[in-house]
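Coordinates in review
So you can see what is in the structure, the chains are spelled out below.
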Amino acid sequence: MIKETVSIGDKGAVLTCYLHEFKQGVVKALPAILIIPGGAYFFTSEREADPVALTFLNTGYNAYVLEYATSVSKLQSEGKSFDEAMMMVHDYITKSDTLVSAFPNPVVEAALAMQYIRKHHVAHHSDPDRVFTVGFSAGGNLAGLLGAYWNAPWLNDLIGSTPEKIKPNAQILAYGVLDPHAVIHLGETLEEQEKGHGLFLKAMSNTSSPSVEVLDALSPLVQAHPLVPRSFIWHTKEDSLVPVKHSMNYAVRLNELGVDFELHIYEKGAHGLSVANAMVNTENPHVASWIPLVLSWLDLDKKREDM
């Protein structure tokens, strides 16, 4: 395995590449996957980064983890440890009005990461026609936004790209925040939940009380259109942080638009299961079935091409 990191954009985002190493004379174009961890746009979750990358790497993919810029990464760049930054993040988000995690910065970074993967596909032995995204929780929001905005002129103009360079060939959305209009339950009491949701919205938009128009812009559900990539969506019914209706309502919307999708709702399981095995200390063999299911699903188009 070759592991390398590159800077993405000018806000401190980092892309970590997990690449297969081939013997001299052996060349094989591998599918590639861009992994977008969750973390409420406060930080990027380690449990949805390396473990996911290694899982896909071991099944024949080149894997890329995007640590998009957040308040925690900003504080770390100023010399704070991760633990110190996590202790400071609430006050930092509350007081700042120029958050690096606010829209459209993360979407720009995700688009730049896709552009980088395709630009280096020959050197990395990646197949430019099989570049997928997988996003978890808030990362699911970001993956869903890229899936909606890949062909938006404003985004392509901003990064000097063309739509085909940044379009995911398919997207995987794991317990994603797919409609920020719906409350995210960050807290135990109703008051804590409202404050937590407000902080989440502030991290996304620079304001804890965004307008309907701003929330619409941050919603993969609202922004969905017939050219959204085919989608694999999974969630758990017991998720107490991001309600399962996010995924269910998004699937209904894709169905209305004629977008191909597959939806899996697991009955049991908390939020943030990631790969749902010992690597992330959340062993749930039933939910872990999403890995072989999604691998089979991602192969469907290739099998059609080979027929």
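I will try to describe carefully the structure that is included in this document. (Residues numbered from 1 in each chain as written. Predicted model: local features only at pLDDT ≥ 70, side-chain atom pairs only at ≥ 80, totals over all residues. Heavy atoms only, no water.)

**What about the overall build of the protein chain?**
Within the protein chain, the secondary structure is distributed over 13 helices and eight strands. The C-alpha atoms of the protein chain give a radius of gyration of 18 Å, which matches the 19 Å a tight globule of 307 residues would have. If you line up the protein chain on its principal axes, its C-alpha atoms span 60 × 40 × 40 Å. A total of 307 residues make up the protein chain; the buried ones form 55% of that total. Of the contacts made within the protein chain by residues no fewer than 6 positions apart, 74% connect residues no fewer than 24 positions apart. Accessible surface, the protein chain as shown: approximately 13600 Å² in total, 53% of it carbon and sulfur. (Helix = DSSP H or I, 4+ residues; strand = E, 2+ residues; numbered from the N terminus. Rg over C-alpha atoms; globule rule 2.2 N^0.38 Å. Buried < 20%, exposed > 50% of the residue type's maximum accessible area, 1.4 Å probe, protein only. Contact = heavy atoms within 4.5 Å. Areas by Shrake-Rupley, 256 points an atom, 1.4 Å probe, with all protein chains shown as cover.)

**Re the pairing of strand β2 (residues 13–19)**
Within a regular strand, the side chains alternate between the two sheet faces. Counting buried positions along β2 yields six of seven residues, so the element is predominantly enclosed. With seven bridges connecting them, strand β1 (residues 2–8) and β2 associate as antiparallel partners. Residue K3 lies in a different strand from β2, and its bridge partner there is Y18. In this structure, the hairpin formed by β1 and β2 is closed by a connection of four residues, where G9 is found at a positive phi of approximately 70°. When β2 meets strand β4 (residues 62–67), the two strands line up antiparallel, connected through five bridges. Along β4, the bridge assignment pairs Y18 with A63. (Pairing = 2+ DSSP bridges.)

**A look at the packing of aromatic side chains**
To describe a pair of aromatic rings, you give the distance between the ring centres and the angle between the ring planes. Within the structure shown, the criterion is met by 15 aromatic pairs. Between Y175 and W234 the ring centres are 5.3 Å apart and the planes differ by 85°, which places this aromatic pair in the edge-to-face class. Placement of Y175 in the loop between β6 (170–174) and α9 (190–205) and of W234 in strand β7 (residues 231–236) is noted, with a sequence separation of 59 residues between them. Each member of the pair, Y175 as well as W234, carries the same accessibility label: buried. Aromatic pair W234 and Y266: ring centres 5.9 Å apart, planes at 85°, arrangement edge-to-face. One end of the pair, W234, is in strand β7; the other, Y266, is in strand β8 (residues 261–266), and 32 residues separate them in sequence. (Phe/Tyr/Trp six-rings, centres within 6.5 Å; stacked < 30°, edge-to-face > 60°.)

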